[in-house]
Amino acid sequence: MRIGAIEAGGTKFVCGIGNERGEIEDVISFPTDRPEVTLGKVISYFKDKQVEAIGIGSFGPIDLTPESPTYGYVTTTPKPGWGNYDFLGTLRREFPVPYGWDTDVNAAAFGEATWGAAKGLDSCLYYTVGTGVGIGVYSEGRLVHGLVHPEGGHVLTRRHPDDDFAGICPYHGDCLEGMAAGPAIEARWKMKGHELPPHHPAWEIEAFYIAQSITGAILLNSPKRVILGGGVMQQSQLFPLIRNSVKTNLNGYVSAGEILDHMDEYIVPPGLGQQAGLCGALALGLSALKDQAL
Ligand code: ADP
Ligand code: ZN
């Protein structure tokens, strides 16, 4: 089986070919340019690949409502040329195959639930903490959509007592992304995340905001696993800080063994590592092919 996978990020695109076992057989990557240029490269990559379906995990916001006239569009992004752009339709005209289409983080959550750290579970959350913060939501065996799609990275935060940083989200200031994404760390400490030493107070503050979000998400969605990916989470010292902070926040209220006794296996890095996004797109493509066969 040959399934096309597209991880469409705001800074780079990754395209690949994979199979039903979640194995990626070929990958290319290029910077995200204007849509005509970028999708031109995508189309020439898939041209001779004879894929049976294509899955796309895209940066957003995107339209996920099948009945909507703008289904498959990237909607309100300030990224030049991409606002109100018919991403899915452009590919569909070129390759008439079944398509899976979802947000980049929902795709990663789905990939992790299919082959990675949440394999066998019917719910999980996938966080990416990188240039932005996004949260993919998989619940009761399906990806959560709604009016639009969850935008958990923009939930407002309660401030850390030692933090007077105003936050840099252009919409909300001190939402989670405005306080905890890579650019927020850099703006607060005047140093890039990877330059800060592992015992710097930055990490305790970072863990505080991520843990605050996870605490809320546990109370709202009751996910069976929480997966944390993205560049900032390369700082592995964050994991124990976050687990402890979530435990302190919940204070024994949620009586699940996963939280009370097995936090190390509950809040975890991606099982698929750097390939969570691409494997997620692959899983979306596979699922679209199966749906069509029904
Ligand atoms: P993107 O979100 O664009 O897909 P990344 O997940 O790599 O890409 O996120 C990039 C952000 O993560 C940047 O702000 C960068 O400073 C930060 N970052 C990348 N690697 C590290 C690291 N090892 N430690 C801390 N921060 C990092
Ligand atoms: Zn925001």
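Residues numbered from 1 in each chain as written. Chains lettered and ligands numbered in written order. Predicted model: local features only at pLDDT ≥ 70, side-chain atom pairs only at ≥ 80, totals over all residues. Heavy atoms only, no water.

Engineer: Tell me about the overall build of the protein chain, residues and numbers included.
Structural biologist: A count of helices and strands for the protein chain gives ten helices and ten strands. Against the 2.2 N^0.38 benchmark of 19 Å for 294 residues, the protein chain shows a C-alpha radius of gyration of 19 Å, consistent with a compact globule. Scored against the burial criterion, the 294 residues of the protein chain give a buried share of 53%. Nonlocal contacts in the protein chain, meaning residues at least 24 apart in sequence, comprise 62% of its contacts between residues at least 6 apart. Roughly 13,700 Å² of accessible area belongs to the protein chain as shown, and the carbon and sulfur atoms make up 53% of that amount. If the 22 positive side-chain charges of the protein chain are averaged to one point and the 33 negative ones to another, these points end up 3 Å apart. (Helix = DSSP H or I, 4+ residues; strand = E, 2+ residues; numbered from the N terminus. Rg over C-alpha atoms; globule rule 2.2 N^0.38 Å. Buried < 20%, exposed > 50% of the residue type's maximum accessible area, 1.4 Å probe, protein only. Contact = heavy atoms within 4.5 Å. Areas by Shrake-Rupley, 256 points an atom, 1.4 Å probe, with all protein chains shown as cover. Lys, Arg positive; Asp, Glu negative; His and termini not counted. Charge placed at Lys NZ, Arg CZ, Asp CG, Glu CD.)

Engineer: Requested: an account of helix H10 (residues 276-293), with residues and values cited.
Structural biologist: Its 18 residues give H10 an end-to-end C-alpha distance of 26 Å, which sits within 8% of 26 Å, the value for a rise of 1.5 Å per residue. Counting buried positions over the 18 residues of H10 gives 13, a clear majority of the element. (Expected span 1.5 Å × (residues − 1).)

Engineer: Go over the sheet that holds strand S4 (residues 53-58), please, and point to the residues and values.
Structural biologist: Overall, mixed pairing links the five strands, which are arranged S3-S2-S1-S4-S5 in an open sheet. With partners counted over all chains shown, the strands left at the sheet margins are strand S3 (24-31) and strand S5 (99-103), one partner each. Here the strands of the sheet are splayed against their neighbours by 15° on average, with no regard to which way each runs. Against the sheet, helix H2 (residues 87-94) engages strand S1 (3-8), strand S2 (12-18), S4 and S5, with an angle of about 165° to S5. Along the sheet, helix H3 (residues 104-115) contacts S4 and S5; its crossing angle with S5, the most-contacted strand, is approximately 110°. (Pairing = 2+ DSSP bridges. Axes fitted to C-alpha atoms, helices over the stretch in contact; angles between N-to-C directions.)

Engineer: So what's going on with the state of the cysteines? Which residues, and what values?
Structural biologist: Scanning the model with the defined rule gives zero disulfides in all. Cys 124 takes part in no disulfide bond, and the closest cysteine sulfur to it belongs to Cys 279, at a distance of 14 Å. Residue classification places Cys 279 among the buried residues on the basis of a relative accessible area of 2%. (Disulfide = S-S within 2.5 Å.)

Engineer: Quick rundown of the coordination of the zinc ion (ligand 2)? Include the residues and the values.
Structural biologist: For the zinc ion (ligand 2), the full set of protein donor atoms is His 154 (ND1), Cys 169 (SG), His 172 (ND1) and Cys 175 (SG), and the range of their distances to it is 2.1 to 2.3 Å. Around the zinc ion (ligand 2), the four donor atoms sit at angles spanning 103 to 122°, and that spread fits a shape best called tetrahedral. Mapped onto the polypeptide sequence, the residues donating to the zinc ion (ligand 2) form the spacing pattern H-x14-C-x2-H-x2-C. Of this pair, His 154 sits in the loop between strand S8 (142-143) and helix H4 (176-180) while Cys 169 sits in the loop between S8 and H4, and the two are 15 residues apart along the sequence. (Donors = N, O, S within 2.8 Å, 3.2 Å for Na, K, Ca; no water. Tetrahedral: all angles 85-135°; square planar, octahedral: opposite > 155°, others 65-115°.)

Engineer: Any details on the environment of Met 263? Residues and values, ideally.
Structural biologist: The topology assignment puts Met 263 in helix H9 (residues 263-266). Judged by relative accessible area, Met 263 falls into the buried class, the value being 5%. Separated by 209 residues in the primary sequence, Met 263 and Ile 54 place their C-alpha atoms 36 Å from one another. When residues no more than four places from it in sequence are discounted, the contact partners of Met 263 are Arg 243, Val 246, Lys 247 and Glu 258.

Engineer: Hey, could you go over the side chain of Thr 103 for me, with residue numbers and the actual values?
Structural biologist: With respect to the helices and strands, Thr 103 occurs in strand S5. Of the residues examined, Thr 103 reaches a relative accessible area of 5% and is grouped as buried. In this structure the side chain of Thr 103 is engaged in a polar contact, spanning 3.0 Å, whose partner is the backbone nitrogen of Asn 106. Leaving out residues up to four positions away in the same chain, Thr 103 has contacts with Gly 57, Ser 58, Ile 62, Leu 64 and His 149. (Polar contact = N/O pair within 3.5 Å; in protein donor to acceptor, adjacent residues only side chain to side chain.)

Engineer: Pulling in residues and values, what's your account of the sheet that holds strand S9 (residues 226-229)?
Structural biologist: On the basis of which strands lie adjacent, the open sheet formed by five strands has the order S8-S7-S6-S9-S10 and mixed pairing. Each having just a single partner strand, S8 and strand S10 (267-268) make up the two edges of the open sheet. Along the sheet face, H3 touches strand S6 (124-129), strand S7 (133-139), S8 and S9 and points at about 50° away from the line of S7.

Engineer: If you had to explain the pairing of S1 to someone new, which residues and values would you point to?
Structural biologist: Across the six residues that make up S1, a large majority, five, are buried. With six bridges joining them, S1 and S2 adopt antiparallel strand pairing. Each residue of the ladder has a partner; that of Gly 4, found in S2, is Ile 17. What sits between S1 and S2 in their antiparallel hairpin is a turn of three residues. Inspection of the sheet shows S1 paired to S4 by six bridges, in the parallel sense. Looking across to S4, one finds that Glu 7 is bridged to Gly 57.

Engineer: Would you mind going over the pattern of salt bridges in detail, with residue names and values included?
Structural biologist: Oppositely charged side chains are able to pair whenever their charged atoms sit close together. According to the stated counting rule, one finds eleven salt bridges in the structure shown. With its nearest N and O atoms 3.1 Å apart, the salt bridge here joins Arg 159 to Asp 174. Residue Arg 159 is found in the loop between S8 and H4, and its partner Asp 174 is found in the loop between S8 and H4; the two are separated by 15 residues along the sequence. Using a relative accessible area of 24% as the deciding quantity, one classes Asp 174 as partly exposed. Here Asp 163 makes a salt bridge to Arg 188, at a shortest N to O gap of 3.0 Å. Residue Asp 163 is located in the loop between S8 and H4, and its partner Arg 188 is located in helix H5 (residues 182-189); the two are separated by 25 residues in the primary sequence. When sorted by exposure, Asp 163 lands in the same class as Arg 188, which is buried. (Salt bridge = Lys/Arg side-chain N within 4 Å of Asp/Glu carboxyl O.)

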